[in-house]
Amino acid sequence: MRLIIENDPQQVARWAADYIIQAIHRKAATSEAPFVLGLPTGSTPLATYRELVRRYQLGEVSFANVITFNMDEYVGLPEEHPESYHSFMWNNLFSHVDIKREHVHILNGNAVDLEAECAAYEEAIVAAGGIDLFMGGIGEDGHIAFNEPFSSMSSRTRCKTLNADTIRVNSRFFEGDIRQVPKMALTVGVATVCDAREVMILASGPKKARAVQMGVEGAYSHVWTITALQTHPKGILVCDEAACDELKVSTYRYFKDIEKNNL
C-alpha cells in the first residue's frame, strides 16, 4: 500500500486528480477500450471533482471514453432529490465534463427489486471489463462506501442498513435533521472495490486521523473495512497532514521518505 501525505485538502485533491488523469491517458495510449472509473460521494471528493472539472476546461482530459460506477445510493430517496447521489454526481462532476450519459452508472435506490438491482450492478461492472481505478473516501469509523464496521471483507453490492453514527454524520446534508436521512442504502461491497485494478482512498482532516492510523498500522479486520486496502496490490491512501496525526512518527517518516520522488 502507498501512503501519500500532502499538506492540505487542496493538495490531496490535486494529487488525486493528477493520478486519475494520468491513468486515463495511460490506458488511452495502449487501448481503445473505455477507462472504467469508480467514484464516491461525500465532502472529501468535492475538491477533486472541482479540480477534474478545471482540468477538463483547460483541455487536459476528456471523459468521452470514460465509464463510471458510483459506490452507493440511498434507498427510497428520489433521484431528483438534491441530496441523492444522482444529483450529487451530476451537479458536481458529470454536468461539467463531456461524459456520455449512457456511460454513467449509479445504483437505483428506488428499484422495485433491490436485490436484483445490486446483482445487475455487479454484472454491469464485469461487462464493462472491470474497474480500472476506484476512488473512495473513508468514514470516521474506517468504513469505505457504506461498508460500515463488521461488514464482510468479501461483500458484494447489496442493501445495507446504516448505523446511527453514519446517519448522524450525514445529517449535515439534511439540515442537521437525522429524521430526514434515509436509513438504508445500496452500496458496492468491500470485495467489489478491491476487485478494481487500482484503489485510491482519500482522507482529509483530523476527524479521519484514527481511521487512517488503523488503515495503515492496524490489523486487517472487518471492524475497520479500510484495512482491506492493505492487501490490495495497487492500493493508495492519499491524506493531508491533519489526517496523519495519529500515525507513529516512524511510519510517517517512512512514507514521506519513499514517496518524495514519486508523483
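The preceding data block contains the structure.
The following paragraphs examine the structure supplied in this document.

So, how was this worked out
Residues numbered from 1 in each chain as written. Predicted model: local features only at pLDDT ≥ 70, side-chain atom pairs only at ≥ 80, totals over all residues. Heavy atoms only, no water. Helix = DSSP H or I, 4+ residues; strand = E, 2+ residues; numbered from the N terminus. Rg over C-alpha atoms; globule rule 2.2 N^0.38 Å. Buried < 20%, exposed > 50% of the residue type's maximum accessible area, 1.4 Å probe, protein only. Contact = heavy atoms within 4.5 Å. Lys, Arg positive; Asp, Glu negative; His and termini not counted. Charge placed at Lys NZ, Arg CZ, Asp CG, Glu CD. Pairing = 2+ DSSP bridges. Axes fitted to C-alpha atoms, helices over the stretch in contact; angles between N-to-C directions. Polar contact = N/O pair within 3.5 Å; in protein donor to acceptor, adjacent residues only side chain to side chain.

This brings us to the overall build of the chain. Each helix and strand counted, the chain has 8 helices and 10 strands in total. By the compact-globule yardstick of 18 Å for 263 residues, the chain fits well, its C-alpha radius of gyration being 17 Å. Along the first, second and third principal axes, the C-alpha set of the chain runs to 50 × 45 × 35 Å. Within the span of the chain, comprising 263 residues, buried residues form 55% of the whole. For the chain, the proportion of contacts with a sequence separation of at least 24, taken over those separated by at least 6, is 78%. A distance of 5 Å separates the average location of the 25 positive side-chain charges in the chain from that of its 34 negative side-chain charges.

Pairing is antiparallel in the open sheet, where 3 strands are placed in the order β4-β8-β7. Looking at the sheet topology across the chains shown, the edges are occupied by β4 (72-74) and β7 (158-161). Averaged over neighbouring strand pairs, the angle between their axes works out to 30° when direction is ignored.

As a further point, take the sheet that holds strand β3 (residues 66-70). Taken together, the 7 strands give an open sheet; going across it, the order is β1-β10-β9-β6-β2-β3-β5, and neighbouring strands pair in parallel fashion. The open sheet is flanked by β1 (2-6) and β5 (104-105), the only strands paired with a single partner. Two strands pair when backbone bridges link them, and strand β9 (residues 198-203) and strand β10 (residues 235-240) are joined in this way by 5 bridges, in the parallel orientation. Among the inter-strand pairings, A203 is bridged to a residue of β10, identified as C239.

In this section: the side chain of H86. By the element assignment, H86 lies in helix α3 (residues 85-92). Residue classification places H86 among the buried residues on the basis of a relative accessible area of 11%. Of note is the side chain of H86, whose polar atom sits 3.4 Å from the side chain of E79.

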